[in-house]
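# Inside the fold
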Amino acid sequence: MGAQPLERLRSLRASGRLESDYPRVAPLLAELFDGPDGPAERFSALFRAGRVLSAIDTDRVLLHHPDTPVVSVAVTGHGTVAHLLDPLTTELARHGMLARVQFSDHGAYLRDLTDPHSAFRTCGAELALCVLDAEILFDQLPLPWGIKDLEAVTTSTLHQLSALADRYSEDTPATLVLNTVPLLRHHTQQLIDRRGRALLGAVLRDFNAGLLRLAARSPSVEVLDLDPLIAEGGPACDARLARYLKAAYTDPLLAGYAREVGHLARSLRGMAKKCLVLDLDNTLWDGVLGDQGPEGIAAAGTYRGEAFGEFQRTVKQLASQGVLLAVSSKNDRAPVLEVLREHPDMVLREADFVRVNASRDTKDGNIRQIADDLDCGVECLVFADDSAAERALVRHRLPQIAVVPLDEEPALHVTRLLQDGWFDTRLPTEEDGRRPDRYRVEEVRREALEETGSPEEHARELEVKVWMRPPDTLELARLSQLTLRTDQLNLAGARLRLPDITALADDPRHLLLSIRSADRFGENGMVGALFLRPDQGQMHIDNILLSCRVAGRGIERACLSALLEYSRAAGLRSVTATYRVTSKNRQVRELFPELGFREVRDDDNGVHYRHDLDVIPPVPEHLRIDSRFEGLVRQ
Amino acid sequence: MSLIESRDGFLRMLRDELGMDLAEEDLFTGLDRLAVWDSMYLLRLITAMEEDSGRRIEVRRILEAGCLDEIRAWADTRGDRGAGGAR
C-alpha cells in the first residue's frame, strides 16, 4: 500500500507543485503511514518521503498558503545532527507545518549552549534541539576508569547541563529539548565484575533521571526519554557509523525522536487534539454486533477478546486525563447502548462517552456532527477504525482529522493508538481531568434548554454567575491552555505558553484577570481571561478570551461592562482595544461596537477601538457578576 | 539479485532511497563535483546497500570512494573479498 502515495509525492515534486499543493502533503503522508507495514517499512517510508520533502522551498509554500504554520528549529548535539533534517521535515509536514531547520557543526553543543552569541542561541528558533549521547560522559573518563570516575563525571555533567539549561531558558524564548542518553553494551561490558556493571547501570540511570527532572523544574525545558523509542525501534547505535560518521544514533531511532519533536511542536502551538472518536465492531470489541448479536461479541475471556479489553482500558486511561471519547458506528443505536450499558465484558460504559453516534450515516457526516456537538473543529478529533475503507473515506473527506490505523490484529490496537502523541500536553491541569464531565453536563444543559425559547431566555434559565479575579499561580497553566485552545473568541489571536503567561503575571505593567463561571447545573471552571495594560490614564485591553463551551451567554459583555464601570470609577479617561483578525475570530468584530467602543483606526496592526467611558452598557440582566479589581490601577 | 549488482539497480536505489534522479554518467562524476550529493546521505545509503545485499559493507572504503560507482563497486564486492579473507 506504501508505494502509491510516495509516487504521488514524488510526482508533485517533479512537476514543481510541491509548494503550491502543500496542503495535499499531510494527507498523502497520513496515507503513506496507514496500513499493515511494520516499523521497518514505516521508517523506510518516512526517510524516502523526507528526501522528497526536505528540498521544499518554505517561502514559496508561504506565498501560496500564508497561514501555514512554520516551526523554526535549531539543532545541535554531541555528534553529527544534520541527518535529522529529513525525519524532522516529514514529521512536521504530517501536522501540516513547515520546518525551518538550522544545524550546528557536530560536537558543538557545549559551545552552543554557553556562548551567548552562538547562532543556536540567537537565531530566534522556537525549538532548540540538543541531541545528547552517552559519549558526553565516557569521553571525559581517564584510562583506565572505574565507577568512581564515572560517578564524578555524571555528577559534574548533570550540574553543568542543568545550569546551562537554566541560563538558556532565561535568555531565549525557545523551548530547549534535551534527551536521556542510552546505555549501550559497549559501555557496560567494559567492566568485567558484575557488581561494578550493575553500579554503572545505576549511575547512568541516575544521570538520566536527573535530566528528566530538569523538565519538571523548568517550563521551557523538555527532555525526551529515548528508552521507549529504543525498545520499539531496534538498535540505538551502529558502531561503524558512530566511529566514521560521528552519527550517535541510527536512522530508526532518529525517526522516533523526530516524531516526538513533531508532537511537541504541535502541542506548543495549541494544536493538541481533544476527542478520540472510536468505531465499535472489531475496534472496541471482537466481532460484529449487527451479525452476531451481543452474545457473539467479546472484550474478555478469549485470546482476541482480552486484547480488545486491554485496548478499552488504555482508552479509559486517556479519558481519565481529559481526552473526550465519542463513538462513530454504523450499528443501530439501541443495541449499541444495550451493550455499553449491560455487556459484562465492557470496560468503557455509556457514561465514558460524550457522544454515541450510531446510525446508518456515512462516517464523515457522523464525525462532523460530533465536532459540531462539541463546538470544536474536525481538526480537534482523532479517529480510530479497523476498516481501511472507512479510514480512507474519512481521510479523504475530512483531511484535517488524525486517523489511527487499526487492523485485524487487536493485540496491536494499543501500540497503534499510542504510536503518535496526539493528546500530549505539557502539564496535567485540574480542568483537563474534569473536562469529559463538563461536556456531559453540557449535553444535559442543551437538552434542558432546547425546550425554552430565545437566547436571552436560555441564558436566564441557566442562572449564569461570573467571577473575575487575578489568577493564582496554580491557575496559570489553565490560562495558558485557554490561549492555546481558544480560537473563536480570542481578540488578539495570541497564543501564550506557560513561561509567557508566568512572565506576564510577574510583570507589574500587565494585569491578568481570570474569568470563571457557573450556572444552575454546576461550575464551569475557568472559561476565559482578560489581559490588560493600564497606561497614562487609559486602560488597554491586550486580549479577551472566552471558551466556546460557554459562548452565547453574554459573559464577555458582562466582563467588559464591569471593566468599563470600574475604569470610569477609577478616574481613567478611556479604555482601548486592538482587534487582530485571525482565520477564526471574526465574531469578535461586532463585540466592541455593540458595547459603545468607537473604531479609531484600522491599520496593519488591526482595528483600534476606544471607549470614552461616557455611556456604559449595563451588565446583561440575566447574569450576576462578581469582579475583584481592587488595586488594579495604581493611582 | 541485489540492486547494487547493476548500475541500473543502483540508480533505482539512489532514486528511491535518496530521492536522487541521476543518469548513468553521474555515477562517474567526482562526489565533490556532483551538485546533488551531500555526505549526509552516506548514512542512509550504507544502510540501504546493506539491507539490499544482506552483506556487511566496509564503511571506510565507502568513505574513501571518489564517485558513486566506486561506492557501488565496493559495496558489491566487499562480501567476496571478505570471503576470500582480503581484509
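To start, this report covers the structure provided alongside it. For clarity, every value in this text was computed on a predicted model and none was experimentally measured.

With that out of the way, let us pick up the packing of aromatic side chains. For the structure shown, the criterion picks out five aromatic pairs over all chains. Pairing Trp37 of chain B with Tyr41 of chain B gives two aromatic rings, centres 5.7 Å apart and planes at 80°, and the pair type is edge-to-face. Accessibility classification places Trp37 of chain B together with Tyr41 of chain B in one group, the buried group. The cationic tip of Lys273 of chain A hangs over the ring face of Trp422 of chain A; the distance from NZ or CZ to the ring centre is 5.6 Å.

Our focus in this paragraph is the pattern of salt bridges. Residues and elements named next belong to chain A. Summed over all chains, the structure comprises 52 salt bridges over all chains. A salt bridge links Arg10 to Glu7; the nearest nitrogen and oxygen atoms lie 3.1 Å apart. In this pair, Arg10 and Glu7 both sit in helix α1 (residues 3–14), three residues apart, roughly one turn of the helix. Residue classification places Glu7 among the partly exposed positions, given a relative accessible area of 36%. A salt bridge links Arg397 to Asp364; the nearest nitrogen and oxygen atoms lie 3.3 Å apart. Of this pair, Arg397 sits in helix α19 (residues 388–397) while Asp364 sits in helix α18 (residues 363–373), and the two are 33 residues apart along the sequence.

What follows is about helix α23 (residues 476–485) of chain A. The element α23 of chain A is extensively covered by neighbouring structure, given that ten of its ten residues are classed as buried. Those residues of α23 of chain A that sit buried are Leu476, Ala477, Arg478, Leu479, Ser480, Gln481, Leu482, Thr483, Leu484 and Arg485 of chain A.

Counting residues at the interface gives 16 residues for chain A, matched by 19 residues for chain B. Summing both partners gives a buried area of about 1,600 Å² for chain A against chain B, and 57% of it is carried by carbon and sulfur. Considering only the surface of chain A that becomes buried against chain B, Arg51, Arg240 and Tyr244 of chain A emerge as the three largest contributors, covering 35% of it. The interface formed by chain A and chain B contains five salt bridges.

All names here are of chain A. Ranked by internal contacts, the top residues of the largest apolar core, which has 41 residues, are Ile541, Ile555, Leu560 and Phe592. Within the residue set of this core, elements represented by two or more residues are β11 (464–469), β13 (511–519), β14 (522–535), β15 (538–546), α25 (555–569), β16 (574–579), α26 (591–594) and β18 (606–611). Considering each element in turn, this core owes the most residues, eight residues, to α25. When sequence neighbours within four positions are dropped, the list of residues in contact with Ile541 reads Leu491, Leu530, Phe531, Leu532, Leu560, Leu563, Val575, Thr576, Ala577, Thr578, Phe592 and Phe597. Membership of the second largest hydrophobic core comes to 35 residues, among which are Leu132, Leu176, Leu191 and Phe207.

The rules we used
Residues numbered from 1 in each chain as written. Chains lettered and ligands numbered in written order. Predicted model: local features only at pLDDT ≥ 70, side-chain atom pairs only at ≥ 80, totals over all residues. Heavy atoms only, no water. Phe/Tyr/Trp six-rings, centres within 6.5 Å; stacked < 30°, edge-to-face > 60°. Buried < 20%, exposed > 50% of the residue type's maximum accessible area, 1.4 Å probe, protein only. Lys NZ or Arg CZ within 6 Å of the ring centre and 35° of its normal. Salt bridge = Lys/Arg side-chain N within 4 Å of Asp/Glu carboxyl O. Helix = DSSP H or I, 4+ residues; strand = E, 2+ residues; numbered from the N terminus. Contact = heavy atoms within 4.5 Å. Buried area = accessible area lost by both parts, 1.4 Å probe. Core = buried A, V, L, I, M, F, W, Y, C linked by side-chain atoms within 4.5 Å.

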